[in-house]
Amino acid sequence: MYCFRVADPKLDRLAQVPLFRGLGKRELQFLASRVDEVNLRPGQTVIREGDATEAFFILTSGNVQVVRGGKPAARLGAGDFFGEIGMLDHGPATATVVADGPVEAMVLSHAQFRDAIKGNDTLAMQVIAAMAERLRANALA
């Protein structure tokens with residue numbers, strides 16, 4: 001009897017995201033079981049500044065523009081993420097995010113994000129550290 005291992009594309013994409021570098025296979029599998037994949041249209045507003053944040057996004061291909069106070073703040077691409085602040089505090093979005101062109105992303109709802117964070121201390125600390133880095137950079141800008 002032969003045993004074939006079938007590659008899991010979602011798991012492979014998650015493993016390429018810098019935020020998840022410290023996670024082991026088991027932790028990545030746990031995360032993969034909770035994440036959904038979406039395609040965003042060019043020009044699609046994903047998050048609007050001031051509105052409730054509904055999801056945490058991890059870009060797998062394409063780019064998005066981040067606009068804060070009506071001014072361009074950043075351009076994010078594959079491996080980058082956004083929406084984490086609203087996921088942690090259920091507060092309004094701190095920026096507007098618009099797809100630059102076709103974008104593929106993985107997305108976690110509030111409940112999925114909470115389960116992923118509660119189920120993994122390493123992931124929780126990585127998200128908090130990345131968020132602190134981003135907040136510090138924004139404060140200095």
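Residues numbered from 1 in each chain as written. Predicted model: local features only at pLDDT ≥ 70, side-chain atom pairs only at ≥ 80, totals over all residues. Heavy atoms only, no water.

J.: Would you take a moment to explain the nonpolar core for this structure?
T.: Where a protein is soluble and globular, its nonpolar side chains tend to be buried together. Counting residues in each nonpolar core, the largest one holds 23 residues, and the members touching the most others are Leu14, Leu19, Phe20, Leu31, Phe56 and Leu123. Of all elements in the fold, only helix H1 (9–15), helix H2 (25–32), strand E3 (55–61), strand E8 (103–109), helix H4 (110–118) and helix H5 (121–140) reach the threshold of two or more residues within this core. If we skip the residues at most four places from it in the chain, Phe20 touches Leu14, Leu28, Leu31, Ile58, Leu123 and Gln126. (Core = buried A, V, L, I, M, F, W, Y, C linked by side-chain atoms within 4.5 Å. Buried < 20%, exposed > 50% of the residue type's maximum accessible area, 1.4 Å probe, protein only. Helix = DSSP H or I, 4+ residues; strand = E, 2+ residues; numbered from the N terminus. Contact = heavy atoms within 4.5 Å.)

J.: Would you mind showing me how to read the sheet that holds E3 here?
T.: Two orientations exist for strands paired in a sheet by backbone hydrogen bonds: parallel and antiparallel. Ordered by their spatial adjacency, four strands build an open sheet running E1-E8-E3-E6, and the pairing between neighbours is antiparallel. Of all the strands in the sheet, just strand E1 (36–40) and strand E6 (81–82) have a single pairing partner and so form its edges. Sheet analysis places E1 next to E8, joined by five bridges and oriented antiparallel. Bridge assignment links Val38 to a residue of E8, and that residue is Ala105. Strands in contact with H4 are E1, E3 and E8; relative to E8, the strand with the most contacts, it is inclined by about 75°. (Pairing = 2+ DSSP bridges. Axes fitted to C-alpha atoms, helices over the stretch in contact; angles between N-to-C directions.)

J.: Any chance you could explain the side chain of Thr53 here in plain terms?
T.: By the element assignment, Thr53 lies in the loop between strand E2 (45–47) and E3. Discounting residues that sit within four places of it in the chain, Thr53 has contacts with Ile47, Gly83, Gly86, Met87, Gly91, Pro92, Ala93 and His110.

J.: How should I be thinking about the pairing of strand E7 (residues 96–99) in this particular structure?
T.: Residues in a regular strand point their side chains to alternate faces of the sheet. Two strands pair when backbone bridges link them, and E2 and E7 are joined in this way by two bridges, in the antiparallel orientation. Residue pairing in the sheet places Ile47 in a bridge with Val97 of E7. Across four bridges, strand E4 (residues 64–68) lies against E7 in antiparallel orientation. Residue pairing across strands places Val67 opposite Thr96, the latter belonging to E7.

J.: Could you clarify how one ought to interpret a nonpolar patch on the surface in this entry?
T.: Together, Leu88, Met125 and Ile128 give the surface a local cluster of nonpolar side chains, amounting to about 280 Å² of exposed area. Relative to the elements of secondary structure, Met125 occurs in helix H5. (Patch = residues over 30% accessible without salt bridge, like charges linked within 9 Å, V, L, I, M, F, W, Y side chains within 5 Å. Areas by Shrake-Rupley, 256 points an atom, 1.4 Å probe, with all protein chains shown as cover. Salt bridge = Lys/Arg side-chain N within 4 Å of Asp/Glu carboxyl O.)

J.: Is there a simple way to think about H4 in this case?
T.: Residues three or four positions apart in an α-helix share a direction because the helix packs 3.6 residues into each turn. Three or more residues of H4 are buried, namely His110, Gln112, Phe113, Ala116 and Ile117. Down the axis of H4, the buried side of the element spans an arc of 165°, and every buried residue falls inside it. For H4, the secondary structure elements touched by its buried residues are H2, E1, E3, helix H3 (84–89), E8 and H5. (Arc of directions from axis to C-beta.)

J.: In this structure, what is going on with the packing of H4 against H5? I would like to understand it.
T.: Two elements in contact, H4 and H5, have axes whose closest approach is 6 Å; the angle formed by their N-to-C orientations is 115°. When the axes of H4 and H5 are compared, the pair comes out roughly perpendicular. Listed contacts from H5 to Phe113, Ala116 and Ile117 of H4 are Asp121, Leu123, Ala124 and Val127. (Parallel < 35°, antiparallel > 145°, perpendicular 65-115°, else oblique.)

J.: For this particular structure, what's the right way to read the sheet that holds E2?
T.: Reading across the sheet, the four strands line up as E2-E7-E4-E5 and stay open at both edges, with antiparallel pairing between neighbours. Both outer strands of the open sheet, E2 and strand E5 (71–76), are each paired with one neighbouring strand and no more. Strand-to-strand twist in this sheet, taken as the mean axis angle between neighbours without regard to direction, amounts to 30°.

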